[in-house]
Amino acid sequence: MFFKGEQRDDACAVSAPSWGCDRFTGVGRAHITFNATGRISSVVVTSEPVLPIGQDFGYPKVVRNDGLYYMTLSQRPDVYLATSTSKNNFALVE
C-alpha cells in the first residue's frame, strides 16, 4: 500500500530526520500480509519515503507492468509520473 506521508510542523524541534523537516514528506509504503482467513498477520512500514516530495500532493497510485512500477500522483493542477524497478525507490519522470 502506498500513501501520502505527512509529519507535524515541529518535526525538527529536536533534530532533523533524514527525509527533512517539511510537513509533507513524500510517498510512503506499507507491506501488509494476510493469513488464510483474511486477517492481517503483519504490517511493515518503510522508515523513509519511497518518493520524497516536500510539498502538498495527493492520490499516489501504483501499478506494476513487465517488472517496472509506475506511480501517478497529483499536484494541482497537474498529474505526475514516477517509475522504478523496485517498490522501494521511485524517481519522477522529467
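Residues numbered from 1 in each chain as written. Predicted model: local features only at pLDDT ≥ 70, side-chain atom pairs only at ≥ 80, totals over all residues. Heavy atoms only, no water.

1. Some thoughts on the pattern of salt bridges
As a reminder, the rule being used: Whenever a carboxyl oxygen of Asp or Glu lies within 4 Å of a side-chain nitrogen of Lys or Arg, that contact is scored as a salt bridge. A run of DSSP states H or I qualifies as a helix once it reaches four residues; a run of E qualifies as a strand once it reaches two. Both are numbered from the N-terminal end. The buried label applies to any residue whose accessible area, calculated with a 1.4 Å probe on protein chains only, is under 20% of its type's maximum; exposed applies above 50%, and partly exposed to all values in between.
Scanning the model with the defined rule gives three salt bridges in all. Across the pair K4 and D56 runs a salt bridge, and its minimum N-O distance is 2.6 Å. Of the two residues, K4 is situated in strand β1 (residues 2-6) and D56 in the loop between β4 (51-52) and β5 (58-65); the sequence distance between them amounts to 52 residues. Look at K4 and you get partly exposed, because its relative accessible area is 29%. A salt bridge links R23 to E6; the shortest N-O distance between them is 3.1 Å. Pair noted here: R23 is in the loop between β1 and β2 (24-34) and E6 is in strand β1, with a separation of 17 residues, a long-range link. When its relative accessible area of 46% is taken as the criterion, R23 is described as partly exposed. Each of K4, E6, R23 and D56 takes part in a single network of salt bridges with overlapping partners.

2. Quick word on the nonpolar core
Formally: As used here, the term nonpolar core means buried Ala, Val, Leu, Ile, Met, Phe, Trp, Tyr and Cys residues forming a set that is joined through side-chain atoms within 4.5 Å. Residue contacts follow a heavy-atom distance rule, with two residues in contact if any of their heavy atoms lie within 4.5 Å.
With ten residues, the main nonpolar core is built from V27, V50, L51, I53, F57, Y69, M71, L73, A82 and F90. Looking at this core, the element that brings in the most residues is strand β6 (residues 68-75), giving three residues. Leave out the neighbours within four places in its chain, and L73 touches V27, L51, I53, F57, G58, Y59, P60, D78, V79 and Y80.

3. Things to note about the side chain of Q7
To keep things clear, this is the line we draw: For the purposes of these results, a polar contact is taken to be a pair of N or O atoms within 3.5 Å, where, inside protein, one atom must be able to donate a hydrogen and its partner to accept one; residues adjacent in sequence count only when each atom of the pair is a side-chain atom.
Tracing the sequence through the fold places Q7 in the loop between β1 and β2. Among the polar contacts made by the side chain of Q7, one reaches the main-chain carbonyl oxygen of D22 at a distance of 2.8 Å. Discounting chain neighbours no more than four positions away, the residues touching Q7 are P17, W19, G20, C21, D22, R23 and T25.

4. Examining the confidence of the model for the protein
Heads up, the condition is: The quantity called pLDDT is the predictor's confidence in a given residue, expressed from 0 to 100.
Looking at the protein as a whole, the pLDDT averages 90, with 100% of positions reaching at least 70. Per-element mean pLDDT across the protein ranges from 90 in β1 up to 96 in strand β3 (residues 40-45).

5. With respect to the packing of aromatic side chains
Applied cut-off: Any Phe, Tyr or Trp ring, taking Trp's six-membered ring, that has another such ring centre within 6.5 Å forms a pair; planes under 30 degrees apart are called stacked, those over 60 apart edge-to-face, and the others tilted.
The tally for this structure, following the rule as stated, stands at two aromatic pairs. Judged by centre distance (5.9 Å) and plane angle (90°), the ring pair of F2 and F90 falls under edge-to-face. In this pair, F2 is assigned in strand β1 and F90 in the loop between β7 (78-84) and β8 (91-92), connecting sequence segments 88 residues apart. Given the relative accessible area of 4%, F90 is considered buried.

6. Considerations on the sheet that holds β5
Where strands meet in a sheet, backbone hydrogen bonds hold them as pairs that are either parallel or antiparallel. Heads up, the rule is: When DSSP locates at least two bridges between a pair of strands, those strands are taken to pair.
One open sheet accounts for four strands, arranged β5-β6-β7-β8; its pairing is antiparallel. With one partner strand each, in any of the chains shown, β5 and β8 form the two edges of the open sheet. Summarising the sheet, β5 and β6 pair through six bridges and their orientation is antiparallel. Pairing of V63 across the sheet is with Y70, part of β6.

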